[in-house]
Amino acid sequence: MTTLAPDGDAPPGPEVALWMRGVGRRFGDLQVLSDIDLEVPEGHLWGLVGPSGCGKTTLARIAVGLLAPTEGEVRTLDVSPGAFGPRERQRLGYLPQEFSLYPMLTVQQNARFVAGLYGMGWLHRRRRIREVLRYLDLWDARRRLAQDVSGGMKRRLSLACALLHEPRFLVVDEPTAGLDPVLRMRIRDLLRDIQSRGTTVFLTTQIIEEAEYCDGVAVMRAGRVVAAGSPAALRSRAGLPDTVSVVADGLDRGDLAALWDLPGVQHVRTLPGGRAQVVAEQGERAVPAITDALRDRGRAVTAIDSQEASFEDVFLRLVEDARVQQASEVE
Amino acid sequence: MRRSIFGTLSFFEQWAGEVVRQPTLMFTLVVAPFLLLFAFGAGVELGGPRPRTVVVQEPGTERVLEPYLAELEQHLDFRGFVESTPLARRALERGEIDAVIVSPGDLDSFVDTGQRIPLRVLIGEVDPVRRSYARSYLRDQVAAINQRTIARVVGDAQAGAGDVGALTADARRYVDLLDDARGELETARSQVGDLQAALGPLSRAVDEASTTAERFASVVPGLSEAAEQATRLREAVDALEQTVDRMAVRLDGFGEGGLPTDEDIEGIRTALDDIESVAGPVFSLDPAVISAPFELQLEDVTPIDPTYTAFYSPGVVALLVQHLAITLGALTLSRMRLLRVTEMLRVAPIRAGEVVAGNYLAYGTLCAVVAAALVALAVFVLDVPVSGSWAVVAGTLGLLIACSLGIGFVISLVSASAQQATQVAMLFLLGSIFFSGFVFPLDRMQAPVDSAAYLFPATFALRTLQDVMLRGVLRAPEDLVVLGVAALVLMALATVLMRRELRAA
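Residues numbered from 1 in each chain as written. Chains lettered and ligands numbered in written order. Predicted model: local features only at pLDDT ≥ 70, side-chain atom pairs only at ≥ 80, totals over all residues. Heavy atoms only, no water.

Undergrad: Sorry if this is basic, but what is going on with the overall build of chain B here?
TA: Assigned secondary structure in chain B consists of 18 helices and four strands. Against the 2.2 N^0.38 benchmark of 23 Å for 505 residues, chain B shows a C-alpha radius of gyration of 40 Å, more extended than a compact globule. For chain B, long-range pairs separated by at least 24 residues make up 78% of all intrachain contacts whose partners lie at least 6 apart in sequence. If you sum the accessible surface of chain B, you get close to 25200 Å²; carbon and sulfur atoms cover 59% of it. Where the 41 positive side-chain charges of chain B centre and where its 60 negative ones centre are 21 Å apart. (Helix = DSSP H or I, 4+ residues; strand = E, 2+ residues; numbered from the N terminus. Rg over C-alpha atoms; globule rule 2.2 N^0.38 Å. Contact = heavy atoms within 4.5 Å. Areas by Shrake-Rupley, 256 points an atom, 1.4 Å probe, with all protein chains shown as cover. Lys, Arg positive; Asp, Glu negative; His and termini not counted. Charge placed at Lys NZ, Arg CZ, Asp CG, Glu CD.)

This is the structure:
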């Protein structure tokens, strides 16, 4: 599992794809990352979420060895990135935030170039390129110049190049930035599928909802990880109430007052069309209580539905809590 | 090993894929240098043109240069006479003419006072090379005028003394008659009178010749010896005249007692022998020999007769190939940075040496194709010979490419941007043009500036290509050693810098 404060300071074994302890990075006078502790287990799809400029890309670049940390210790696939040799790099895939291929080469030629960098022989390369381009729906566009394909195709081409050598650990930096919702969903499904095939995927994103589909999430703010865990654990930690929507005939003031009196209910308001909205600490527990209370008052409940707080609200709460805590620590 | 090979070759594939898709790039890289060399070979006519020249001849003065104009016109483009120096000077300043010769006016006034005749020539050239060429060319022309003047004077002197031989023969005949008439007073008187009469023209001819020779001896170098001999000749003739005159006086005063003795007759014959012996060498020599005793017999041991195109083509090839390789090298890695391909390389299992080797392979191939095309153009279209080994020509170009690509890669790796890399590459081109020996010969450069020449691979390649292609010999094999060592050092340096580039920041 992903943990914010893993047990012990000793480097982990091979079951952990990425391990960071007390990692910091400074660019001149600017401290971009501070005191990062992380563990990403093998085989997980893991998300790093945070606003623009919070240090996500810096952290991803440290994970693949593009940047060296100025403080702390990092182990990627059980090896310090500073000591990476060809063997370690062979097991690592990286999708940078920006397109970093040759625009004047075709989709297929770019893939061939990258496959060559990973030492793939011509026959193996040919088979694997066909396989990956088909998997990412790029086969029909293989003869088009990279500069002529759409933004979504470019992202998929970059992803294809990162997958050609079948990496054990794939780091993808903002894979859906600038894409429309349909393409975002397509990329998200692909990453989930890649993870299901045994590759550990570590992605950074500023689209909060995407983090919800990950096995584990770390929330970043101002160069620090303020919370980490499964989406459910984060939601629980944020402690945000659920919202229950009720539809019943002839709701009156007395009915609303009865709902107010139920345990865990924080707020009740009426809506047009005989509807009411109840904000409760735990929606799953509140639904039967609301149904029973209205039935006791002779009201027929025609529809009732409980909704969790959005992950965006969870994120905002966690970030705000961190800010308050940091401020109090400073005081 | 297998991974290294495929990794290295991937750069070649990437380059090939990009280049074939860009016909304009191919044109710029291959055809444009080809056209440059072709235009150079076909259109450049070096050497000095015949300067457009006018002669200032003030009204009423002697046209002293006129006898030389026909011959000078072979070397000067004679545009006519003008009447004043300011007028000619304005034409010179406007660029309508290249030179003005100011006629010296009255030659005799200089010659008679023993002064050399000033031949004033005005030029208005600002190009130092053409200026130097004009000075040298005009100095040659003045030397030619001097030489022709000496020949003319000597010729005149010889013409004046041309009949000395015939006149001494006449005198000798009268001496024989005098000898026969010994004892007959009247006949002897008559023969002495005839001898006196015969010596008169001889004396005048010798006078004329010696006067001419002496007159010009002070202004015409080389004529002083002839003048001295002419003086000795005149003294000999004067002495003979005095002897014969004394004989005539003796015959008139003493009658038969004054008849010439055997010693008198022999004395006259000896004097005539002296005259002939002195006159012979002076007046029988060819005036051209006296005026210009040395004749240039130039023998060129080079196996070919090089044209300007043939001489400059190896240099043009070396400069174009060097510039192409440095520019490509300088832009390649800058472009990788710009496209963020280096980001991918830093994550991929590829070593710095493999990246450098891959780029050497890719761009070395392109440069080799361009170099081969340029040499083929030079040899088969512009008729530039390859008198020596083709293998050495190919090897020199190969080393030049390796060295220049190394410089380009190093420039690229130490430059902050593609613009900076391009500027440094251009500086290398400019430096090569000035210092490689292409424009100015290396031995004409002053220390320590001449050391700059050895910063450019083109310097070594140009010298070797010229030697092998034109002379047919490799005169400085150490140049190839220098290129080879520099190529290896630069490759190693590029690898070290690339390793730094690919290291985590």
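Undergrad: Looking at this structure, I do not really get the sheet that holds strand β1 (residues 16-27) of chain A. What am I missing?
TA: Two orientations exist for strands paired in a sheet by backbone hydrogen bonds: parallel and antiparallel. All names here are of chain A. Read from one edge of the open sheet, three strands run β2-β1-β4, paired in antiparallel fashion. At either end of the open sheet lies a strand with only one pairing partner, and these are β2 (30-41) and β4 (71-76). For this sheet the average axis-to-axis angle between neighbouring strands, irrespective of direction, equals 15°. Pairing geometry for β1 and β2, over eight bridges, is antiparallel. Bridge pairing in β2 links Val 23 to Ile 36. Packed on one face of the sheet, helix α1 (residues 56-64) meets β1, β2 and β4 and runs near 120° to β1. (Pairing = 2+ DSSP bridges. Axes fitted to C-alpha atoms, helices over the stretch in contact; angles between N-to-C directions.)

Undergrad: Even after reading the chapter, I still don't get the interface of chain A and chain B, so can you show me in this structure?
TA: How big an interface is tends to be stated in terms of the accessible area lost upon association of its parts. Each side of the interface is counted separately: chain A has 35 residues, and chain B has 29 residues. Around 3000 Å² of area is buried between chain A and chain B when both sides are counted, 64% of it from carbon and sulfur atoms. One salt bridge in this structure joins A:Arg125 and B:Glu13, with 3.2 Å as the shortest N-O distance. Where chain A touches chain B, the interface holds seven residue pairs in polar contact (both at pLDDT 80 or more). With six residues, helix α3 (residues 107-117) of chain A is the single largest residue contributor to the side of chain A that touches chain B. Class assignment of the residues belonging to the side of chain A that touches chain B gives a composition of 21 nonpolar, eight polar and six charged. (Buried area = accessible area lost by both parts, 1.4 Å probe. Salt bridge = Lys/Arg side-chain N within 4 Å of Asp/Glu carboxyl O. Polar contact = N/O pair within 3.5 Å; in protein donor to acceptor, adjacent residues only side chain to side chain. Nonpolar A, V, L, I, M, F, W, Y, C, P; charged D, E, K, R; others polar.)

Undergrad: Got a minute to help me understand the pattern of salt bridges in this structure?
TA: Proximity of charged atoms lets side chains of opposite charge pair with each other. Residue and element names in this part refer to chain A. Under the criterion given, the structure shown has 36 salt bridges over all chains. For the salt bridge of Arg 128 with Glu 166, the shortest nitrogen-to-oxygen distance reads 4.0 Å. Residue Arg 128 is found in helix α4 (residues 122-135), and its partner Glu 166 is found in the loop between α5 (151-163) and β6 (169-173); the two are separated by 38 residues along the sequence. Among the salt bridges present, the one from Arg 295 reaches Asp 292, with a minimum N-O distance of 3.5 Å. Highlighted residues: Arg 295 and Asp 292, both in helix α10 (residues 283-296), separated by three residues, approximately one helical turn. A single network of salt bridges, built from pairs that share partners, joins Arg 127, Arg 128, Glu 131 and Glu 166.

Undergrad: Looking at this structure, I do not really get the environment of A:Pro69. What am I missing?
TA: Residues and elements named next belong to chain A. Mapping Pro 69 onto the fold places it in the loop between α1 and β4. Its relative accessible area of 29% is what places Pro 69 among the partly exposed residues. Between the C-alpha atoms of Pro 69 and Pro 241, which are 172 residues apart in sequence, the distance is 39 Å. In this structure, Pro 69 is in contact with Val 23, Gly 24, Ile 62 and Val 74, ignoring residues within four places of it in sequence. (Buried < 20%, exposed > 50% of the residue type's maximum accessible area, 1.4 Å probe, protein only.)

Undergrad: Even after reading the chapter, I still don't get the confidence of the model for chain A, so can you show me in this structure?
TA: In low-pLDDT segments, the atomic positions of the prediction should not be examined closely. Within chain A, residue pLDDT values average 87, and 97% of them lie at 70 or more. With pLDDT under 50 throughout, residues 1-6 of chain A is counted as low confidence; its partners more than four residues away or in other chains account for 21 contacts. (pLDDT = per-residue confidence, 0-100.)

Undergrad: When you look at a positive patch on the surface in this model, what are you seeing that I'm missing?
TA: All names here are of chain A. There is a patch of like positive charges on the surface, built from Arg 112, Arg 126, Arg 130 and Arg 134. Looking at the positive patch element by element, the count peaks at three residues for α4. With respect to the helices and strands, Arg 112 occurs in helix α3. (Patch = residues over 30% accessible without salt bridge, like charges linked within 9 Å, V, L, I, M, F, W, Y side chains within 5 Å.)

Undergrad: Just to check I follow, could you spell out the packing of α5(A) against helix α6 (residues 181-196) of chain A for this structure?
TA: In helix packing, the relevant descriptors are the interaxial angle and the interaxial distance, both defined with respect to the helix axes. Residue and element names in this part refer to chain A. At a minimum axis distance of 11 Å, the contact between α5 and α6 shows a crossing angle of 10°. Comparing their axes, α6 and α5 come out roughly parallel. Here Gly 152, Arg 156, Leu 159 and Leu 163 of α5 come into contact with α6, specifically with Leu 183, Ile 187, Leu 190, Leu 191 and Ile 194. The residue inventory of the contact of α5 with α6, partitioned by class, reads seven nonpolar, one polar and one charged. (Parallel < 35°, antiparallel > 145°, perpendicular 65-115°, else oblique.)

Undergrad: Explain the sheet that holds strand β8 (residues 216-221) of chain A to me, please; I cannot follow it from the model alone.
TA: Residue and element names in this part refer to chain A. The strand order across the open sheet built from six strands is β5-β6-β7-β3-β8-β9, with neighbouring strands paired in mixed fashion. Single-partner strands in this sheet number two, and they are β5 (92-95) and β9 (224-229). For this sheet, the mean angle separating the axes of adjacent strands, direction not counted, is 15°. The pairing of β8 with β9 spans five bridges and is classified as antiparallel. If you follow Ala 218 over to β9, its bridge partner there is Ala 228. Across the sheet, α5 lies against β5 and β6, angled at about 170° from β5, the strand it touches most. On top of the sheet, α6 reaches β3 (45-49), β6 and β7 (200-205); it is set at about 155° to β7, its chief contact.

Undergrad: I would appreciate a short explanation of the confidence of the model for chain B in the present structure.
TA: For chain B, mean pLDDT is 82; residues scoring 70 or higher make up 91% of the total. Across the interfaces of the predicted complex, the ipTM metric reaches 0.81, alongside a pTM of 0.73.

Undergrad: Please clarify how the packing of aromatic side chains should be interpreted in this entry.
TA: Two numbers describe a pair of aromatic rings. These are the distance of the centres and the angle of the planes. Under the criterion given, the structure shown has 12 aromatic pairs over all chains. Note on B:Trp15 and B:Tyr363: the rings are 6.4 Å apart at their centroids and 65° apart in plane angle, and the pair reads as edge-to-face. Taken as a pair, B:Trp15 in helix α1 (residues 2-20) and B:Tyr363 in helix α14 (residues 352-381) lie far apart in primary sequence, 348 residues in all. Each member of the pair, B:Trp15 together with B:Tyr363, is buried. An aromatic cluster is defined as three or more aromatic residues linked by ring pairs; in this entry it consists of A:Tyr102, A:Phe113 and B:Phe11. Directly above the ring of A:Phe27 sits A:Arg25, whose terminal nitrogen or CZ lies 4.4 Å from the centroid. (Phe/Tyr/Trp six-rings, centres within 6.5 Å; stacked < 30°, edge-to-face > 60°. Lys NZ or Arg CZ within 6 Å of the ring centre and 35° of its normal.)

Undergrad: Help me out: how do you make sense of the side chain of A:Gln109 in this one?
TA: By the secondary structure assignment, A:Gln109 is in helix α3. Judged by relative accessible area, which is 18%, A:Gln109 ranks as buried. Setting aside residues no more than four positions away along its own chain, A:Gln109 makes contact with B:Gly17 and B:Arg21.

Undergrad: Help me out: how do you make sense of the state of the cysteines in this one?
TA: Disulfide: a covalent bond connecting the sulfur atoms of a pair of cysteines. Residues and elements named next belong to chain A. Scanning the entire structure with this criterion turns up zero disulfides over all chains. Counting only cysteine sulfurs, Cys 214 is the nearest neighbor of Cys 54, a cysteine outside any disulfide, at a range of 15 Å. Cys 54 gets classed as buried once you look at its relative accessible area, which sits at 2%. (Disulfide = S-S within 2.5 Å.)

Undergrad: Just to check I follow, could you spell out unusual backbone geometry for this structure?
TA: Across the junction of B:Ala447 and B:Pro448, the peptide omega takes the value 0°, indicating a cis bond. With respect to the element layout, B:Pro448 can be found in the loop between α16 (418-435) and α17 (457-471). Its identity is not glycine, yet A:Ala222 carries a phi of approximately 50°, on the positive side. In this fold, A:Ala222 is placed in the loop between β8 and β9. For B:Asp383, which is not a glycine, the phi torsion comes out positive at approximately 60°. With respect to the helices and strands, B:Asp383 occurs in the loop between α14 and α15 (390-414).

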